[in-house]
Amino acid sequence: MTSLRLLAPALAAAAALALPVIPTSAAAPVAGAAHAAKAKPKYQEYVALGDSWTADVVVLNSDGLPDATYAPIDCAQSHHNYPKIVAATIGVRTFRDASCGSATTDDFAHPQTGLPAGGTNPPQFDRLTKTTDLVTVGIGGNDAGIASAGIGCLNVLPVASPIPPDTIPLPPLPIPIIGSTIPLGGCKDRYTQGGKDQLTERINASEVKLVRAFNAIHRISPKARIIAVDYLSLVPNHACYPLVPATDEDMAYIHAKFLELNAMVKRAAKRGGAEFVNTYTPTLGHDLCRSATVRYGETFGPSVNDPAVGIPAHPNGAGARAQAAVVLQYLRTH
């Protein structure tokens, strides 16, 4: 669920200051990986579809720049996101990862243009074929506008501001930054003014889009087992200033919307004939307010959970491994 405005300066900086590529071993083994490697692959053709939380967007890590094997480099795919770990573990013969930062369900059937470095990700559905037999899907957050709403919750102050948000312009800065006004939070008041919860309405309106996407996958790849993967537990229900600079009220609100988002994904999967995998519950206790070696995502970019510079409020390497483990366990037992 990344923002292109956030990704653009980060990718530009990475290109200018790229670390030398350091070869790394394959993704950390997941329980059962050795057994899966010896067994005859159950799936022959696996395609991963999704947004930035599937791509596990990264600017720079020990592999160098993002993986451009399956999508443009400015989709910011990690070399070790959860689909790639799943594909390697189950020993699938053909794998294609279509996931891309900022993707919505519109980008499943249409090219995703306007990427930070000028790239275009072809329609994600283009990676599907009649012989595809496994598809994972992680999407919906950008359709509902949760990423931009979360950014709107940020507050340079540790308490609610008496000054209305979006009223104090930022002074000229030497580096690009999101928005043109000083972040002063107030996202709950902003999105619930007038007695209507705009984010709840957006989340509910996105359900039909996901259902249509699942139905389209069935038509394109009639043999495919479709796995809808929800969003792991990164969003805390409280602030932890300055790590997560927001008020407790705003964070409790955006956390509640995050739960609504996952519930919507589950409903859409059922309506669209997809299986649902809950990666949220197994990752509780690893949100953005946890310590650097415990959390499954980062707030400012740099990560010690696999040295990397990622995109704030997105899964880090440990988060990707955790999601992969949940998906693999589901595939083994269902």
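The structure presented is a predicted model; accordingly, all values stated were derived computationally and were not measured.

Colleague: I'm lost on the overall build of the protein chain in this one. Help?
Modeller: A tally of helices and strands in the protein chain yields 11 helices and 10 strands. Across the 334 residues of the protein chain, 53% fall into the buried class. Taking all contacts inside the protein chain whose residues are at least 6 apart in sequence as the whole, residues at least 24 apart take part in 73%.

Colleague: Sorry, what's going on with the state of the cysteines here?
Modeller: Working definition of a disulfide: a covalent bond connecting the sulfur atoms of two cysteines. Applying the stated criterion across every chain yields a total of 3 disulfides. Note on cysteine connectivity: Cys-75 is disulfide-linked to Cys-100, with sulfurs 2.0 Å apart. Classification of the bridge connecting Cys-75 and Cys-100 rests on its S-S torsion, roughly -85 degrees, and on that basis the disulfide is left-handed. Placement of the pair is Cys-75 in the loop between β2 (58-61) and α4 (82-90) and Cys-100 in the loop between β3 (94-97) and α5 (106-109), with a sequence separation of 25 residues. Judged by relative accessible area, which is 0%, Cys-100 ranks as buried.

Colleague: I would appreciate a short explanation of helix α9 (residues 198-220) in the present structure.
Modeller: The α-helix winds at 3.6 residues per turn, so residues separated by three or four positions along the chain end up facing the same way. Taking 1.5 Å as the rise per residue, α9 with 23 residues should run 33 Å; its terminal C-alpha atoms sit 34 Å apart, in good agreement. If you check which residues of α9 are buried, you get Leu-199, Thr-200, Ile-203, Ser-206, Glu-207, Leu-210, Val-211, Ala-213, Phe-214, Ala-216 and Ile-217.

Colleague: Help me out: how do you make sense of the pattern of salt bridges in this one?
Modeller: Oppositely charged side chains are able to pair whenever their charged atoms sit close together. Counted according to the given criterion, the structure contains 12 salt bridges. The partner of Arg-271 in a salt bridge is Glu-207, with the nearest N and O atoms 3.1 Å apart. Linking Arg-271 in helix α10 (residues 248-271) with Glu-207 in helix α9, this pair joins segments that are 64 residues apart in sequence. When its relative accessible area of 53% is taken as the criterion, Arg-271 is described as exposed. Among the ionic contacts, a cluster of salt bridges with common partners joins Asp-67, Lys-84 and Asp-97.

Colleague: Even after reading the chapter, I still don't get the side chain of Asn-305, so can you show me in this structure?
Modeller: Checked against the element boundaries, Asn-305 lands in the loop between β8 (302-303) and β9 (308-310). A distance of 3.3 Å separates a polar atom in the side chain of Asn-305 from the backbone oxygen of Ala-292. At 3.1 Å, the side chain of Asn-305 and the backbone oxygen of Arg-295 are in polar contact. With near-sequence residues (within four places) excluded, Asn-305 lies in contact with Ala-292, Thr-293, Val-294, Arg-295, Glu-298, Asn-316, Gly-317 and Ala-318.

Colleague: Where do I start with the nonpolar core in this structure?
Modeller: A general feature of soluble globular proteins is that nonpolar side chains tend to end up buried together. With 54 residues, the main nonpolar core has Met-1, Leu-49, Phe-125, Val-137, Phe-214, Ile-217 and Leu-261 as its most contacted residues. Of all the secondary structure elements, the ones that give two or more residues to this core are β1 (45-50), β4 (134-138), α7 (146-152), α8 (187-192), α9, β5 (225-229), α10 and α11 (317-333). Considering every element that reaches this core, the biggest residue donor is α10, with 9 residues. With sequence-adjacent residues up to four places away left out, Phe-214 is seen in contact with Val-137, Ile-226, Ala-228, Ala-268, Ala-269, Gly-272 and Ala-274. The next biggest cluster of nonpolar side chains, apart from the first, holds 20 residues, and it includes Tyr-43, Ile-85, Val-229 and Val-327.

Colleague: Would you mind going over the environment of Val-294 with me for this structure?
Modeller: With respect to the helices and strands, the residue Val-294 is situated in the loop between β6 (275-277) and β7 (297-298). Assessed through its relative accessible area of 29%, Val-294 is described here as partly exposed. A C-alpha to C-alpha distance of 8.5 Å links Val-294 and Ala-318, two positions 24 residues apart in sequence. Excluding its chain neighbours within four sequence positions, the residues that come into contact with Val-294 are Gly-285, His-286 and Asn-305.

Colleague: Please explain the side chain of Asp-74 as it appears in this structure.
Modeller: Relative to the helices and strands, Asp-74 is located in the loop between β2 and α4. No salt bridge is formed by the buried Asp-74, whose closest oppositely charged neighbour, Arg-127, lies at an N-O distance of 10 Å. Reaching out from Asp-74, the side chain makes a polar contact with the backbone nitrogen of Ala-117 at a distance of 2.9 Å. At a separation of 2.8 Å, a polar atom in the side chain of Asp-74 contacts the main-chain amide nitrogen of Gly-119.

Colleague: What is the right way to look at the packing of α9 against α10 in this model?
Modeller: A pair of packed helices is captured by two measures, namely the crossing angle of their axes and the spacing between those axes. The interhelical angle for the contact between α9 and α10, taken along N-to-C directions, is 25 degrees, at an axis separation of 9 Å. What the angle tells us is that α9 and α10 run roughly parallel. In the packing of α9 onto α10, the handedness of the crossing is right-handed. Along the contact surface, α9 presents Leu-199, Thr-200, Ile-203, Asn-204, Ser-206, Glu-207, Leu-210, Val-211 and Phe-214, while α10 presents Tyr-253, Ile-254, Lys-257, Glu-260, Leu-261, Met-264, Val-265, Arg-267, Ala-268, Ala-269 and Arg-271. When the residues that make up the contact of α9 with α10 are grouped by side-chain class, the tally is 12 nonpolar, 3 polar and 5 charged.

Colleague: I tried to follow the sheet that holds β9 on my own but got confused; where do I start?
Modeller: The pairing of strands in a sheet happens through backbone hydrogen bonds and is either parallel or antiparallel. In space, the 3 strands of this open sheet follow the order β2-β9-β8, with antiparallel pairing throughout. Only two strands of the sheet have a single partner each, and these edge strands are β2 and β8. As paired elements, β2 and β9 share 3 bridges and run antiparallel to each other. The partner of Asn-61 across the bridge, within β9, is Ala-308.

Colleague: Which parts of the structure should I look at to understand the packing of aromatic side chains?
Modeller: The geometry of two aromatic rings is summed up by the distance between their centres and the angle between their planes. Counted by the stated rule, this structure contains 7 aromatic pairs. A connected cluster of aromatic rings, assembled from ring pairs, spans Trp-53, Tyr-231, Phe-258 and Tyr-280.

What counts, and where the lines are drawn
- All residue numbers here refer to positions counted from 1 along the written sequence of the relevant chain.
- Residues qualify for local features only when their pLDDT is at least 70, as the model is predicted, and side-chain atom pairs are given and counted only at 80 or more; totals for whole chains, interfaces and linings, by contrast, use all residues.
- Excluding hydrogens and water, the side-chain values take into account all heavy atoms of the structure.
- Note on conventions: DSSP H or I runs of at least 4 residues are helices, E runs of at least 2 residues are strands, and numbering of each starts at the N terminus.
- When accessible area is computed with a 1.4 Å probe and restricted to protein chains, residues below 20% of their type maximum are described as buried, those above 50% as exposed, and intermediate ones as partly exposed.
- In what follows, residue pairs with any heavy atoms lying within 4.5 Å of each other are defined as contacts.
- The disulfide criterion used throughout: a pair of cysteine sulfur atoms within 2.5 Å.
- In this scheme, a helix's expected span is set at 1.5 Å multiplied by one less than its residue total.
- Only one rule defines a salt bridge in this text: a Lys or Arg side-chain nitrogen within 4 Å of an Asp or Glu carboxyl oxygen.
- Here a polar contact is recorded for every N or O atom pair within 3.5 Å, except that within protein the pair must consist of a potential hydrogen donor and a potential acceptor, and residues adjacent in sequence are included only if both atoms are side-chain atoms.
- Nonpolar core, defined: a set of buried Ala, Val, Leu, Ile, Met, Phe, Trp, Tyr and Cys residues in which side-chain atoms within 4.5 Å join the residues together.
- Under this rule, positive means Lys or Arg and negative means Asp or Glu; His and the chain ends count for nothing.
- Only the contacting stretch of a helix is used when fitting its axis, a line to C-alpha atoms as for every element, and angles between N-to-C directions run 0 to 180 degrees.
- By definition in this entry, angles of less than 35 degrees are roughly parallel, angles greater than 145 are roughly antiparallel, angles of 65 to 115 are roughly perpendicular, and the rest are oblique.
- By convention the crossing between two helices is left-handed if the near helix lies anticlockwise of the far one by an angle smaller than a right angle, and right-handed if it lies clockwise.
- When residue character is reported, Ala, Val, Leu, Ile, Met, Phe, Trp, Tyr, Cys and Pro are called nonpolar, Asp, Glu, Lys and Arg charged, and the others, Gly included, polar.
- When DSSP finds two or more bridges between two strands, those strands count as paired.
- Here is the rule: rings of Phe, Tyr and Trp (six-membered ring for Trp) pair when centre to centre is within 6.5 Å. Planes less than 30 degrees apart are stacked, more than 60 are edge-to-face, and the remainder are tilted.

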